[in-house]
Amino acid sequence: MGFSDARFDVNLSILFTELPLLERPAAAAAAGFTAVELWWPWPEAPVPEPRQLDALRAALQAAGTRLVGLNFYAGQLPGPDRGALSVPGEESARFRANVEVAADFAQSLGCTALNALYGNRLDGADPDAQDALALENLALAARAAHRIGATLLIEALNAPESPRCPITSAPKAIEVVEAVNAATGLDNARFLMDLYHLARNGEDLEQVIDRYTPLTGHVQIADSPGRGAPGTGTLPLEALLERLHHNGYRGWTGLEYQPGERPGAEAFGWLPRPLRAAAPTTPATP
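Note that the structure is a prediction, hence the values are computed from the model and not measured. (Residues numbered from 1 in each chain as written. Predicted model: local features only at pLDDT ≥ 70, side-chain atom pairs only at ≥ 80, totals over all residues. Heavy atoms only, no water.)

Across all of its chains, the model carries two cavities of 30 Å³ or more by this definition. Taken as a whole, the largest cavity encloses approximately 50 Å³ of empty space. Around the largest cavity, the lining residues are E37, L38, G69, L70, N71, A113, L114, N115, L153, L192, H218 and Q220. Of all the secondary-structure elements, those providing two or more residues to the lining of the largest cavity are β2 (35-38), β3 (66-71), β4 (113-115) and β7 (216-221). Classifying every residue of the lining of the largest cavity gives six nonpolar, five polar and one charged. Size it by volume and the second largest cavity reaches roughly 40 Å³. Considering the residues around the second largest cavity, the lining is formed by W39, W40, P43, F72, Y73, A74, G75 and L77. (1 Å grid on protein atoms, 1.4 Å probe; cavity = no way out; pocket = protein on both sides within 12 Å on 5 of 7 lines; lining within 4 Å. Points joined across faces, edges and corners; volume = space filled by probe spheres on them. Helix = DSSP H or I, 4+ residues; strand = E, 2+ residues; numbered from the N terminus. Nonpolar A, V, L, I, M, F, W, Y, C, P; charged D, E, K, R; others polar.)

Here is the structure:
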């Protein structure tokens, strides 16, 4: 149970980063994985050159890795930003310019989960105005996701590492999910349950799982403290994934942890190789 019931994918924006972007899909495949996810790969370019999109698509396809999750443009990530869609001015415009580009790229690879990171509070900006802008942009993203048959994901980050982000609890993320669904009528917004972030927030993970599994569209894991591989911290991740499975979750579980000083290929000793390859799921109806 637990790990054996999960469908794992590797986040290529935090693992295998010692390699150039286009070499990471093959490295994940060599490690035994068949599914991957990505933050927006070009933080400086919400609308990259077509050749860049083509090259990444080709690398994923050549490796035989399925893209199962993709972030919309989120600013400098990794870096000081925590999203762009609630940030007035140029960053909001960048997010809007990226929405259809990201959706089209996801569609071309059969990816049906698009993550929209909210963004930080800004000094001098009205929080209510930021929230209104965020809802407008999230509705735009939800419609783009709906066009390609995808789910829009809303993620809660953790307050110690992201003190200026207002989405730092499961209930707050669910509040945003419900607001987006009410605004669009599409019912395709879902919760991205990152167990590491929720643990850092001090939330009761068993209660979160029991309460919010029906609204969860994607799961991510890292151990806490340290954001390392399972077994490097204190979280009972195998039991938590078993609880998710018991509650009906059948989606992907993204490995979004830091490998430490070792290369990415050496960061999976906790997971037997036969459990790394995951048969594609039938996409849930958003």
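We now examine the sheet that holds strand β5 (residues 151-155). Spatially, the eight strands close up into a barrel ordered β1-β2-β3-β4-β5-β6-β7-β8, and their pairing is parallel. Mean inter-strand twist for the sheet, computed between neighbouring axes without regard to direction, equals 30°. Where strand β6 (residues 189-194) meets β7, four bridges bridge the pair, whose relative direction is parallel. Within β7, the position partnered with D194 by the bridge is Q220. Those strands touched by helix α4 (residues 127-147) are β4 and β5, and its axis lies near 145° from that of β5. Set on the sheet, helix α8 (residues 237-246) makes contact with β1 (7-11), β6, β7 and β8 (252-255); between it and β7 the angle comes to about 170°. (Pairing = 2+ DSSP bridges. Axes fitted to C-alpha atoms, helices over the stretch in contact; angles between N-to-C directions. Contact = heavy atoms within 4.5 Å.)

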